[in-house]
Amino acid sequence: MSVNRYLRLVRLMNVRRLLLETDKPVEYIASVCGFTNNKTLNRNFKTWKGLTPTAYRQTYARYHKIDTSCFQKRPL
């Protein structure tokens, strides 16, 4: 795998995480993850996952919930 391809994959995985864990706009996520603009992110993400970032978020965000129950303080 080339360095450029590896970097793109790492950026896309970070985009995926932010899409599922935050409600930040896609434009913000694109800039934070190193994509030059939203169009570039859309093209790369759709090639990778088969969906646009917005469609991916709408489809999978409801299934992705962080289990925070292990962080609750329990009496000793």
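Below you will find a few notes about this structure.

Conventions we followed
- Residues numbered from 1 in each chain as written.
- Predicted model: local features only at pLDDT ≥ 70, side-chain atom pairs only at ≥ 80, totals over all residues.
- Heavy atoms only, no water.
- Helix = DSSP H or I, 4+ residues; strand = E, 2+ residues; numbered from the N terminus.
- Buried < 20%, exposed > 50% of the residue type's maximum accessible area, 1.4 Å probe, protein only.
- Contact = heavy atoms within 4.5 Å.
- Areas by Shrake-Rupley, 256 points an atom, 1.4 Å probe, with all protein chains shown as cover.
- Patch = residues over 30% accessible without salt bridge, like charges linked within 9 Å, V, L, I, M, F, W, Y side chains within 5 Å.
- Salt bridge = Lys/Arg side-chain N within 4 Å of Asp/Glu carboxyl O.
- Core = buried A, V, L, I, M, F, W, Y, C linked by side-chain atoms within 4.5 Å.
- Phe/Tyr/Trp six-rings, centres within 6.5 Å; stacked < 30°, edge-to-face > 60°.

### Regarding the overall build of the protein chain
Turning to step 1, where the next piece is worked out: Helix and strand counts for the protein chain stand at 4 helices and 0 strands.
Turning to step 2, where the next piece is worked out: Out of the 76 residues in the protein chain, the part that is buried amounts to 22%.
Turning to step 3, where the next piece is worked out: Long-range contacts, defined as pairs at least 24 residues apart, comprise 49% of the intrachain contacts of the protein chain with a sequence gap of at least 6.
Turning to step 4, where the next piece is worked out: Split by element, the accessible area of the protein chain, about 6000 Å² in all, is 52% carbon and sulfur.

### What about a nonpolar patch on the surface?
Turning to step 1, where the next piece is worked out: A cluster of nonpolar residues, Met1, Val3, Tyr6, Leu7, Val10 and Met13, forms a patch on the protein surface that exposes about 620 Å² of accessible area.
Turning to step 2, where the next piece is worked out: The class for Leu7 is partly exposed, based on a relative accessible area of 38%.

### A look at the nonpolar core
Turning to step 1, where the next piece is worked out: Formed by 13 residues in total, the largest nonpolar core has its most connected members in Val15, Leu19, Ile29, Cys33, Phe35, Leu41 and Phe45.
Turning to step 2, where the next piece is worked out: Taken together, the elements giving at least two residues each to this core come down to helix H1 (3-21), helix H2 (26-32) and helix H3 (38-49).
Turning to step 3, where the next piece is worked out: Ignoring any residue separated from it by four or fewer positions in sequence, one finds Cys33 in contact with Arg11, Asn14, Val15 and Leu18.

### So, the packing of aromatic side chains
Turning to step 1, where the next piece is worked out: Counting across every chain of the model gives 3 aromatic pairs.
Turning to step 2, where the next piece is worked out: Arranged with centres 5.3 Å apart and planes meeting at 75 degrees, the rings of Phe45 and Tyr56 form a pair that is edge-to-face. Highlighted residues: Phe45 in helix H3 and Tyr56 in helix H4 (residues 53-60), separated in sequence by 11 residues. Assigned by exposure class, Phe45 and Tyr56 land together as buried.

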